[in-house]
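Structure at a glance
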Amino acid sequence: MVMTNFLQKRRTVREFAPTKLSDLEMKAVRDEISEVESKAKDSDVSFAFYENGDTIAERLKGKAGYGGVMIAAPYYIALRVKSHDKAELIRTGYYLEMLNTALIELNFGTCWITVTQVDADTKRSLFGEGGEFVDYIIGFGKSKVQDVFDEDRVSPRHSVDELVFKDHLDSPASLADLENYGLFDLFSSIRFAPSHVNAQPWRFLLKDDGTVTLYMDKSKGEKSYVDIGVVMYYYEAMLANTGTQKRWELIEGADVDGLEPVAKTSL
């Protein structure tokens, strides 16, 4: 799959058909969960697959969803993570979107749902032991056809020159800079990465020392760390799609005008 094309076409599904998965599809989903968990083995992240979508959707009515409306899906996958420190929140976004992408590749519609506001007792009753540590679930299944002019398709996005900078965070990278680094297509597409309320809290700083530093706009709140994990995943995946293997390294550093340095990689 061409990741740049995938990201520009990726859409959240909010209406699912009641179609049940075949045994082969169930195995494929479980295999993908195992694959992502093997990659996340050095983190505190784990997943659980739930087939009782109707029950989960009913119990979460008025407690989770978009604008107070719970998204009913035939199946859900819950991500458990016990720590809420910065690194684990970033890994939450990274591995949740890795799994989400795998589900989309299997031709399922998907929808992230935040359940941080749901009380611990409800989460334990729905997700079992350790359920209180579930902050995000993915609803998935066969999607109904959506209007091509739905909200997700017309949401505004920052332009590349609002997200990518050269040498200084007040100096937007030029088209020539991005083309010289072979990163124009990547940054043109990464604008479409999903984020909480479409906040797009990421900023990239390219430097002549051969590094890219990823900053987070702290004004967008703690959920932005999860969004940072999402964009880190897509950055690596899009480069891997071109045969270039790069990995982000989490870093600490002083804020710059409300922007926190969170990760670094090489050009």
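Given the structure is predicted, the values throughout are model-derived calculations rather than measurements.

Criteria and cut-off values
Residues numbered from 1 in each chain as written. Predicted model: local features only at pLDDT ≥ 70, side-chain atom pairs only at ≥ 80, totals over all residues. Heavy atoms only, no water. Core = buried A, V, L, I, M, F, W, Y, C linked by side-chain atoms within 4.5 Å. Buried < 20%, exposed > 50% of the residue type's maximum accessible area, 1.4 Å probe, protein only. Contact = heavy atoms within 4.5 Å. Salt bridge = Lys/Arg side-chain N within 4 Å of Asp/Glu carboxyl O. Helix = DSSP H or I, 4+ residues; strand = E, 2+ residues; numbered from the N terminus. Pairing = 2+ DSSP bridges. Axes fitted to C-alpha atoms, helices over the stretch in contact; angles between N-to-C directions. Arc of directions from axis to C-beta. Phe/Tyr/Trp six-rings, centres within 6.5 Å; stacked < 30°, edge-to-face > 60°. Lys NZ or Arg CZ within 6 Å of the ring centre and 35° of its normal.

Here we look at the nonpolar core
Residues Phe47, Phe140, Phe187, Phe204, Leu214 and Tyr235 are the most contacted members of the largest nonpolar core, which totals 57 residues. For Phe47, the residues in contact, after removing those within four places along its chain, are Ile33, Val36, Glu37, Ile77, Ala78, Leu79, Tyr95, Leu96 and Leu99. Residues Ala48, Ala64, Met70 and Ile113 belong to the second largest nonpolar core, which totals 21 residues.

A look at the pattern of salt bridges
For the coordinates displayed, the defined rule picks out 16 salt bridges. Measuring nitrogen to oxygen at the nearest pair gives 3.8 Å for the salt bridge that ties Glu35 to Lys39. Of the two residues, Glu35 and Lys39 both sit in helix 2 (residues 23-39), 4 residues apart, roughly one turn of that helix. Among the residues examined, Glu35 registers a relative accessible area of 39% and is labelled partly exposed. Using a relative accessible area of 44% as the deciding quantity, one classes Lys39 as partly exposed. When the shortest N-O distance is used, the salt bridge between Arg124 and Asp121 registers 2.5 Å. Residue Arg124 and its partner Asp121 are both found in helix 5 (residues 120-127); the two are separated by 3 residues, about one turn of the helix. One connected set of salt bridges, linked through shared partners, spans Lys86, Glu252 and Glu260.

Observations concerning the sheet that holds strand 1 (residues 46-50)
With respect to topology, 4 strands assemble into an open sheet ordered 1-2-4-3, the strand pairing being antiparallel. Two strands in the sheet have a free side with no partner beyond their single neighbour: strand 1 and strand 3 (109-114). Adjacent strand axes in the sheet meet at a mean angle of 20°, parallel and antiparallel pairs treated alike. Alignment of strand 3 against strand 4 (residues 134-141), held across 6 bridges, turns out to be antiparallel. In the strand pairing of strand 4, Thr114 is matched with Tyr136. With respect to the sheet, helix 4 (residues 86-105) is in contact with strand 1, strand 2 (75-80), strand 3 and strand 4, its orientation differing from that of strand 3 by roughly 155°. The strands touched by helix 5 within the sheet are strand 1, strand 2 and strand 4, with strand 4 carrying the most contacts at an inclination of about 45°.

What to know about helix 5
Buried within helix 5 are the following residues: Thr122, Lys123, Leu126 and Phe127. Along the axis of helix 5, the buried residues cluster in a sector spanning 105°; they form a single face. Buried residues belonging to helix 5 abut strand 1, helix 3 (53-59), strand 2 and strand 4. Within two residues after helix 5, Gly128 carries a phi angle of roughly 80°, on the positive side.

Looking at the side chain of Glu260
On the secondary structure map, Glu260 appears in strand 9 (residues 259-266). Glu260 has contacts with Lys86, Leu214, Tyr215, Met216, Lys218, Tyr225 and Asp255, leaving out every residue within four places of it along the chain.

Observations concerning the environment of Val115
Within the fold, Val115 resides in the loop between strand 3 and helix 5. Not counting chain neighbours up to four residues away, the residues in contact with Val115 comprise Leu60, Ala64, Lys123, Val134, Asp135, Tyr136 and Ile137.

What to know about the pairing of strand 3
In terms of burial, strand 3 is largely enclosed, as 6 of its 6 residues are buried. Residues Gly109, Cys111 and Ile113 point to one face of strand 3 and Thr110, Trp112 and Thr114 to the other, with burial holding for every one of them.

Re the packing of aromatic side chains
For the structure shown, the criterion picks out 14 aromatic pairs. Geometrically, the ring pair formed by Phe49 and Tyr75 is tilted, given 6.0 Å between the ring centres and 50° between the ring planes. With Phe49 in strand 1 and Tyr75 in strand 2, the pair connects residues that are 26 residues apart, well separated along the chain. The interplanar angle of 65° and the centroid separation of 5.6 Å between the aromatic rings of Trp112 and Tyr136 together place this pair among those described as edge-to-face. In this pair, Trp112 sits in strand 3 while Tyr136 sits in strand 4, placing the two residues 24 residues apart along the sequence. Joined through ring pairs, the aromatic side chains of Phe49, Tyr75, Phe108 and Phe140 make up one cluster. Over the aromatic face of Tyr66 sits the side chain of Arg14, whose NZ or CZ is 4.1 Å from the ring centroid.

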